[in-house]
Amino acid sequence: MHPMLNIAVRAARVAGSLIVRGFEHRDDLQLQSKGDNDYVTHIDKEAEKAIINKIRQSYPNHSFLGEESGETEGTDNEFQWIIDPLDGTTNFIKGIPHFAVSIALLYKGRLDQAVVFDPIRGELFTASRGKGAQLNGYRIRATKPRDLSDTILATGLPFKNKTQYSEYALSLNKIFHECGDIRRAGSAALDMAYVAAGRHDGYWERGIKPWDIAAGELLVQEAGALATDFKGGNDPLYKGEIVAGSPKVVQALLKHLK
């Protein structure tokens, strides 16, 4: 395992332990609203702090971009860690056991290392650029369906800005009538990890942030699939939208999303 990936895994496990303890004592959660249908708990903040502290023990000069703490520049800006300490906070609050820790490393602006950790199921998805993607140490590959009729797809709803739903519903309707079925589970990081593992055949979503998808993007690519924006561009990290899956699946989805 790449030494930086190894540190990211350790950080994810530390955060995962905090999250599991918090999940077992949800009555004690300190809950704040960040906006419409957008919440943060003290567990999110503690988990992010724990991740950053763990990484800084080995790489004190690196930069960070965290969902809760924002951007922190280090003296070595070639390395930037992108962190979502608890992707799926609403699930966590409601007692739905589907959420994850997401940690990615950018090196000179390119995704280089990735970890998505599901602390409830104990599933650790990892990837290093050029080295493939793994689930608990075993190689994973994305599926290659012939067309959408054979697929199970994942997506997210624009719950933070419901005025966008009418436009979203038009594309959703078209895709739904072509695919096998659609899932909406509430964690972009796990949606993309599931595409990498062949559990979902494709995924699309709009209104997302870099920390939602950074680790998942590298996982998908290293599992042999594509990740694009809604126009087919191959650098979706900061576009606020993403489409992931095999080339045929992505092409089929894009015609309804452009």
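What you see is a predicted model; the values in this text were computed from it and never measured.

## Points about the pattern of salt bridges
If charged atoms from side chains of opposite charge come close, those side chains can pair. The final tally for this structure, using the stated rule, is seven salt bridges. Note that Asp118 and Arg121 form a salt bridge whose closest N and O atoms lie 2.6 Å from each other. For Arg121, a relative accessible area of 41% puts it in the partly exposed group. Put simply, Arg206 and Glu241 hold a salt bridge, and the shortest N to O gap is 3.7 Å. Separated by 35 residues along the polypeptide, Arg206 in strand E13 (residues 202-206) and Glu241 in strand E15 (residues 241-245) bring together distant segments of the chain. Judged by relative accessible area, Arg206 falls into the partly exposed class, the value being 35%. Relative accessible area serves as the criterion here: at 13%, Glu241 is assigned to the buried category.

## Overview of unusual backbone geometry
Phi is positive for Lys108, which is not a glycine, with a value near 55 degrees. Within the chain, Asn136 stands out as a residue other than glycine whose phi angle is a positive 50 degrees. As for its placement among the helices and strands, Asn136 is situated in the loop between strand E9 (133-135) and strand E10 (138-140). A relative accessible area of 39% means that Asn136 is categorised as partly exposed.

What counts, and where the lines are drawn
- All residue numbers refer to position in the chain's written sequence, counted from 1.
- Per-residue local features of the predicted model are confined to residues with pLDDT of at least 70, and side-chain atom pairs are confined, for both listing and counting, to 80 or more; whole-chain, interface and lining totals are unaffected and use all residues.
- To obtain the side-chain values, all non-hydrogen atoms of the structure were included, while hydrogens and water were left out.
- Criterion for a salt bridge: a side-chain nitrogen of Lys or Arg within 4 Å of a carboxyl oxygen of Asp or Glu.
- Each residue gets one of three labels from its accessible area relative to the maximum for its type: buried under 20%, exposed over 50%, partly exposed in between, using a 1.4 Å probe on protein chains only.
- Comment: elements are numbered from the N terminus, with helices defined as DSSP H or I runs of at least four residues and strands as E runs of at least two.

Note that every value here comes from positions in space, so none of it alone points to a role or purpose.
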